[in-house]
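Report on the structure
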Amino acid sequence: MINKSTQVSIIGGGLAGTTLAWELHLKAIDFQIIDLNKPKTTLKAAGIFNPVVFKRLTKSYMIDECLPVAKEFYQKIEKITNEVFFFEKPLFKTINNIGGQNQWEAKIGDSNFADYLKPISSEKFENLKNYQAWGEVKQGGFVDTKTYLTASQIFFEKEGRFQQIEKLSNYLMDKDSWIVKNDGLEIKTQKIVFCEGAYATENPLWNFLPFRATKGETLTIKTEAQIPDAIFKKDFFLLPIGNKQYKVGATYQWDNLDWEPSDEGKLTLIEKLEEILNCPYQIIEHTAGIRPNTNDRKPFLGEHPINKQMFVFNGLGSKGVALVPYFAGKVCNQLLNNVEPNKEFSILRFLNNE
Ligand SMILES: Cc1cc2nc3c(=O)[nH]c(=O)nc-3n(C[C@H](O)[C@H](O)[C@H](O)COP(=O)(O)OP(=O)(O)OC[C@H]3O[C@@H](n4cnc5c(N)ncnc54)[C@H](O)[C@@H]3O)c2cc1C
C-alpha cells in the first residue's frame, strides 16, 4: 500500500496536469500526479502554436500574454529534462484571392500585428501545389507533445511524484483534508486539481461546465521528396516533424466522440493533403483524440462551488500548447495565494451573473 501525504494532488497527467506539476515543482511545492491509464489527447496533438486565427485574421486568444510565457516555460523544461521538444518554425498560410490578399495587407499596416505577420510572398515551394500567394506568420512553431510528456513523466516518476492508476479514485473528506483512494494507494492531500481533459464530461463534479468536446484525427505521412522546413496551413496543416515525416490534420467532429480513427476521417485528411502536397507519400500513422473545447472557447479554472479545496484546470481546447503555461501560473496563484482567476476564464462565469 502506498500511503502519502501531500499539499496538492493533480488528477490527470496530460498537458494540463503535467504543466501544472512543473509550475509547482519550480516553486518547490509538494504534489502528486495521479493519472488514469487511458488515452491522452496530448499524445495525439500536433502541438502547433500559431499566434493568428486565419478565419477573420485576428490574434489568437490572449496570445500576447501567453506566447512569451510559453516560450520561456518550454525552454526551461527542455534544460531540466535535457530533451528537445520546442521548435520555432516559419508558418505559411495559403492566400487564394484578392480579398484575402487585401485583408493580409491591411493587417500588416496594423501595429498590433507587427510581431506576428510578415508581408505576402508569391514564392513557389518545391513539391507543393501553387497558390496565388502565401502569408507568413512570425512566432509560430510546435511542441513535440509526446517528448514533452514522456520526459516529464520520467522526471516526476524519479521524484516519486507520479502514480499510474487503472480505475477511478474515490475522494473522501477527513477533517480538513481530502483523501484520494485507489487500489493500493491512499494520498492525504490539502487541495485537489482536476486536469482530466475531455474525460471531465463524465465526472459528475465537473460536468455542469459547458464543454463542447470535439474529436480530431491526424495522419502522419512520410515522403522522400524535399519540402521546405516550415508549417503550411490551408484549412488544415502540414507540419514537418523530422525524419522525412509530416503530420497532417486535423479533422473536427462534434458527435460520435470516440478515440478510434475513422475511415471517413482518413479520407478527409487525404483529400486535404492533396490540395497542398504535390509528390508521392506513404501514410505511416492515423490517430484520433478528443479536444476539451468549451462553449465560449475559454479555459475553465477555479474552485468547485460546493467541494471546497477541489479545483479544475481544463478547457484548453484546440490551442492548449500556447495557453497552458500561462494558465497553469494562474492555477498556482489560486492554490498558493488564494488569488481568484479573472472571471473571463474562471468557472465563476457559470455560477452567478454578477
Ligand atoms: C487531433 C488533435 C490535434 C491537436 N492539435 C493541437 C495543436 O496543434 N496545438 C495545440 O495547442 N493543441 C492541439 N490539440 C489540443 C490539445 O491536444 C489539448 O488542448 C490538450 O492536449 C489537452 O490536454 P489535457 O491535459 O486537458 O487532456 P489529456 O491530454 O487528454 O489528459 C487528460 C489526462 O487525465 C487523465 N484522467 C482523466 N480523468 C481522470 C481521473 N478521474 N483520474 C485520473 N486521471 C484522469 C487521462 O487519463 C489523461 O491522461 C489537438 C488535439 C487533437 C485531438
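Bear in mind that the values here come from a model prediction, so they are computed numbers and not experimental data.

This paragraph deals with the overall build of the chain. Looking only at helices and strands, one finds six helices and 21 strands in the chain. A total of 354 residues make up the chain; the buried ones form 42% of that total. A fraction of 71% describes how many contacts in the chain between residues 6 or more apart in sequence connect residues 24 or more apart.

Here we come to helix α4 (residues 145–158). A turn of α-helix holds 3.6 residues, and therefore any two residues three or four places apart point the same way. Across its 14 residues, α4 extends 20 Å between first and last C-alpha, which sits within 8% of the 20 Å expected from 1.5 Å per residue. Those residues of α4 not exposed but buried are T145, Y148, L149, A151, S152, F155 and F156. Tucked into the core, α4 has its buried residues touching α1 (15–26), β2 (31–36), α2 (63–81), β10 (141–143), β11 (162–165) and α6 (320–337). Backbone geometry just downstream of α4 places G160 in the positive-phi region, at approximately 70 degrees.

Here the focus is the site of the ligand. The environment of the ligand is made up of 41 residues, and the closest members are G12, G14, G197, G216 and G320. Of all the secondary structure elements, the ones that give two or more residues to the shell around the ligand are α1, β2, β15 (214–222), β19 (282–291) and α6. Here the residues of the shell around the ligand sort into 16 nonpolar, 17 polar and eight charged. Summarising the domain contributions, the shell around the ligand has at least three residues from each of domain 1 (2–44 + 146–209 + 297–350) and domain 2 (88–143 + 212–291).

Moving on: the sheet that holds β10. Judged by pairing direction, the sheet is antiparallel, and its three strands sit side by side in the order β3-β10-β6 without closing on themselves. The outermost strands of the open sheet, each flanked by one partner alone, are β3 (48–49) and β6 (86–88). Where β3 lies against β10, two bridges are found, and the strand directions are antiparallel. Across the sheet, F49 pairs through a bridge with G141, a residue of β10.

Time to look at the packing of α1 against α4. Packing of α1 against α4 leaves a shortest axis separation of 11 Å and a crossing angle of 50 degrees. Taken together, the axes of α1 and α4 lie oblique to each other. In this structure, α1 crosses over α4, and the sense of that crossing is left-handed. Taking contact as the criterion, the partners of L15, T18, A21 and W22 in α1 are, on α4, T145, L149, S152 and F156.

Below, the discussion takes up unusual backbone geometry. The linkage connecting G249 with the following residue, A250, adopts the cis geometry, with an omega of -10 degrees. Position of A250 among the secondary structure elements: in the loop between β18 (245–249) and α5 (263–274). A positive phi angle, close to 50 degrees, is found at L57, a residue other than glycine. Structurally, the position occupied by L57 is in the loop between β4 (52–53) and β5 (58–59). Taking the number of C-beta atoms within 10 Å as the measure of exposure, L57 has 17 and is therefore partly exposed.

This next bit is on the nonpolar core. Soluble globular proteins tend to bury their nonpolar side chains together. Ranked by size, the top nonpolar core spans 89 residues in total, and within it I10, L20, V193, F313 and V331 carry the most contacts. No other element matches the nine residues that α6 contributes to this core. Each of domain 1 (2–44 + 146–209 + 297–350) and domain 2 (88–143 + 212–291) accounts for three or more of the residues forming this core. Here L20 is in contact with I10, V193, C195, F313, A328 and V331, once residues within four sequence places are set aside.

Structurally, W178 is set in strand β13 (residues 177–182). As for W178 and L323, which are separated by 145 residues in sequence, their C-alpha atoms are 29 Å apart. Discounting chain neighbours no more than four positions away, the residues touching W178 are Y171, M173, T189, I192 and Q309.

In this section: the domain arrangement of the chain. In terms of domain boundaries, the chain breaks down into domain 1 (2–44 + 146–209 + 297–350) and domain 2 (88–143 + 212–291). Taking the mean C-alpha position of each, domain 1 and domain 2 sit 31 Å from one another. Taken residue by residue, the interface counts nine residues in domain 1 and nine residues in domain 2.

What follows covers the environment of F92. Within the secondary structure, F92 is located in strand β7 (residues 91–95). Using a count of 25 C-beta atoms within 10 Å as the deciding quantity, one classes F92 as buried. Residues F92 and V137, spaced 45 residues apart in sequence, show a C-alpha to C-alpha distance of 6.2 Å. Apart from residues no more than four positions distant in its own chain, F92 is found in contact with W134, E136, A230, F232 and K233.

Okay, the environment of S318 next. In this fold, S318 is placed in the loop between β21 (310–314) and α6. The partly exposed category is assigned to S318, around which 18 C-beta atoms lie within 10 Å. Spatially, the C-alpha atoms of S318 and L36 are 22 Å apart, while their sequence positions differ by 282 residues. Once residues within four sequence positions are removed from consideration, S318 is found in contact with R291 and N293.

All right, on to the packing of α1 against α6 then. At a minimum axis distance of 9 Å, the contact between α1 and α6 shows a crossing angle of 50 degrees. The angle between the axes of α1 and α6 places the two elements in the oblique class. Between α1 and α6 lies a crossing of right-handed hand. Between α1, through L15, A16, T19, L20, E23 and L24, and α6, the contact on the second element is made entirely by G320, V324, P325, A328, G329, V331 and C332. Split into classes, the residues belonging to the contact of α1 with α6 amount to nine nonpolar, three polar and one charged.

Conventions we followed
Residues numbered from 1 in each chain as written. Predicted model: local features only at pLDDT ≥ 70, side-chain atom pairs only at ≥ 80, totals over all residues. Helix = DSSP H or I, 4+ residues; strand = E, 2+ residues; numbered from the N terminus. Buried ≥ 20, exposed ≤ 12 C-beta atoms within 10 Å, placed from the backbone. Contact = placed C-beta atoms within 7 Å. Expected span 1.5 Å × (residues − 1). Near = placed C-beta within 6 Å. Nonpolar A, V, L, I, M, F, W, Y, C, P; charged D, E, K, R; others polar. Domains from an automatic or database assignment. Pairing = 2+ DSSP bridges. Axes fitted to C-alpha atoms, helices over the stretch in contact; angles between N-to-C directions. Parallel < 35°, antiparallel > 145°, perpendicular 65-115°, else oblique. Left-handed = near helix turned anticlockwise from the far one by under 90°. Core = buried A, V, L, I, M, F, W, Y, C linked by C-beta atoms within 7 Å.

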